[in-house]
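Residues per chain are reported as follows:
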Amino acid sequence: VAQRVNGLSALAGALTVWLTYLTGLRLVRLVQGPERRRSDEWIAIAAAFSGALLLAFSDAFWENSIEAEVYSLMSLAQILVFWLGLRWWEAHEQRPTAGPLLVCVYVMWLCVGLHLGVGIMGLPLILLVWLIDRRAALVFAMPLLSVLAGTAGLERMAGTVLMLSMGVFTVMAAKKQLDGRVWLASTGASLYGLYFAFGDRDFTYPAAAIALAGLLIPLVLLARRSREGRILALALFLMMAGYSTHVYLPIRAAQHPGVNEAAPDNWKNLRDQLERKQYGESSMFVRRGPLSAQLDKEFWRYFRRQWPLFPTERLWGALLPLLLGVAGGVWQARRSRTSFLVTGTFFGLTTAGMIVFLNFTDHEVRDRDYFFQSGYHAFAIWIGLG
């Protein structure tokens, strides 16, 4: 069993490297433009191959690919979502489609049960959709952005779904796609649900039923009248199907196994576990350590050892990869604004964003480099472009 679990990490790592190659290849081709020579294709292949191998042999990624951990699988899910987004972009230029984005919705909500870092991809993905097709962005705003609320627990995540749905229904009512009376009733029901989702009172069965009706009734009416409504309804179904893996927790806990952490066999314990109460309360607005330590000791120290060209922990060991990554980002920004904004959002959220969100102390009990693996992943793509 131990060999199988470790082997799963290795297999996921290998698939991640392969998808990183395919993603890098698409990005280089986008930057090169439509008028490409045969030599440009060889350059694109070499660049994508280099970026993928630099990811494979980076310090954190290699370590996480040969141990029984979730980070290799997380990287696989993240790059799959990224690649599917680029596939959607390419296909959408020929004919409007939603298939790849629906797969993204399912993968991200499925992987909430694997690692919440996969949900980060919702922001760069919705940015890509917004830059390409505003109507599609309206349809996918709720399923792609509400996954980010997974860290807040089930009730607040449900509240986020209600809030985003209210926004979508408001726009559709303004476009006469949804009856005004239905919209008004739905808004009232959703506001009632938000009182419980973000307040101190627990959801009651009647409150949950009213909030659910406020979401489903306008959704069913929209699905009967428009393609956008049918896509949104299908996206909601895929969200529920993916997140339903959490039902495993109370089912297994009810059997009273030998290892039964948090014992989530009742609603209170399950909610506490989903809200991560066992980790205690913390806020990213109250900094737990000096910024200098969070930037240097808890980030830059890990970053510069990912691609050491020399046996040293100093800056010079990682200088060439660093310069190549910066050059790749600049080249992409000058030649393909859309792909740069998407890649840059992925990189920014998983580096600067993680520094702010994780809020490390200056005396962590062990190295935390694995939390920034997604940032190294995005930068490896830029190194390939460089």
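Above this text you will find the structure in question.
For clarity, every value in this text was computed on a predicted model and none was experimentally measured.

Cut-offs applied
Residues numbered from 1 in each chain as written. Predicted model: local features only at pLDDT ≥ 70, side-chain atom pairs only at ≥ 80, totals over all residues. Heavy atoms only, no water. Helix = DSSP H or I, 4+ residues; strand = E, 2+ residues; numbered from the N terminus. Rg over C-alpha atoms; globule rule 2.2 N^0.38 Å. Buried < 20%, exposed > 50% of the residue type's maximum accessible area, 1.4 Å probe, protein only. Areas by Shrake-Rupley, 256 points an atom, 1.4 Å probe, with all protein chains shown as cover. Lys, Arg positive; Asp, Glu negative; His and termini not counted. Charge placed at Lys NZ, Arg CZ, Asp CG, Glu CD. Salt bridge = Lys/Arg side-chain N within 4 Å of Asp/Glu carboxyl O. Contact = heavy atoms within 4.5 Å. Patch = residues over 30% accessible without salt bridge, like charges linked within 9 Å, V, L, I, M, F, W, Y side chains within 5 Å. Axes fitted to C-alpha atoms, helices over the stretch in contact; angles between N-to-C directions. Parallel < 35°, antiparallel > 145°, perpendicular 65-115°, else oblique.

## Brief notes about the overall build of the chain
A count of helices and strands for the chain gives 18 helices and zero strands. Taken over the C-alpha trace, the chain has a radius of gyration of 22 Å; the compact-globule value for 386 residues is 21 Å, and the two agree within 12%. Per-residue burial for the chain yields a buried fraction of 48% across its 386 residues. When the accessible area of the chain is evaluated, it comes to approximately 19500 Å², of which 65% is carbon and sulfur surface. Across the chain, 36 positive and 27 negative side-chain charges occur, with their mean positions spaced 9 Å apart.

## Remarks on the pattern of salt bridges
Under the counting rule described, the total for this entry stands at 18 salt bridges. Across the pair Glu 41 and Arg 29 runs a salt bridge, and its minimum N-O distance is 2.5 Å. On the criterion of sequence distance, the pair formed by Glu 41 in helix H2 (residues 38–56) and Arg 29 in helix H1 (residues 2–32) is long-range, its members being twelve residues apart. One salt bridge in this structure joins Arg 271 and Glu 155, with 3.5 Å as the shortest N-O distance. With Arg 271 in helix H13 (residues 267–274) and Glu 155 in helix H8 (residues 154–174), this pair connects stretches of sequence that are 116 residues apart. Exposure remark for Arg 271: the relative accessible area of 11% places this residue in the buried category. Take Glu 155: its relative accessible area is 6%, and that puts it in the buried class. A single salt-bridge network, built from bridges that share partners, covers Asp 59, Arg 301, Arg 305, Asp 367 and Asp 369.

## Describing the side chain of Ser 72
When you line up the elements, Ser 72 lands in helix H4 (residues 71–92). Those residues in contact with Ser 72 that sit more than four places away from it in its chain are Ser 9, Ala 12, Gly 13, Thr 16, Asn 64, Ser 65 and Gln 373.

## A closer look at the environment of Ala 318
With respect to the secondary-structure elements, Ala 318 resides in the loop between helix H14 (291–303) and helix H15 (319–335). Separated by 28 residues in the primary sequence, Ala 318 and Phe 346 place their C-alpha atoms 21 Å from one another. For Ala 318, the residues in contact, after removing those within four places along its chain, are Arg 304 and Trp 307.

## Examining a nonpolar patch on the surface
Where nonpolar side chains cluster on the molecular surface, the patch consists of Phe 49, Leu 53, Phe 57, Trp 62 and Ile 66 and spans about 530 Å² of accessible area. Tracing the sequence through the fold places Phe 57 in the loop between H2 and helix H3 (59–65).

## A word on unusual backbone geometry
The phi dihedral of Lys 176 is positive, around 65 degrees, even though this residue is not glycine. Counting through the fold element by element, Lys 176 comes out in the loop between H8 and helix H9 (180–197). With a phi angle near 55 degrees, Asn 359 is a residue other than glycine that sits in the positive phi range. Along the chain, Asn 359 falls in the loop between helix H17 (352–358) and helix H18 (373–385). Take Asn 359: its relative accessible area is 2%, and that puts it in the buried class.

## A few points about the packing of H4 against helix H6 (residues 122–132)
Where H4 meets H6, the closest approach of the two axes is 10 Å, and the angle between their N-to-C directions is 10 degrees. In terms of orientation, H4 lies roughly parallel with respect to H6. Note on element contacts: H6 touches H4 through Leu 125, Leu 128, Val 129 and Ile 132, opposite Val 81, Gly 85, Leu 86, Trp 88, Trp 89 and His 92.

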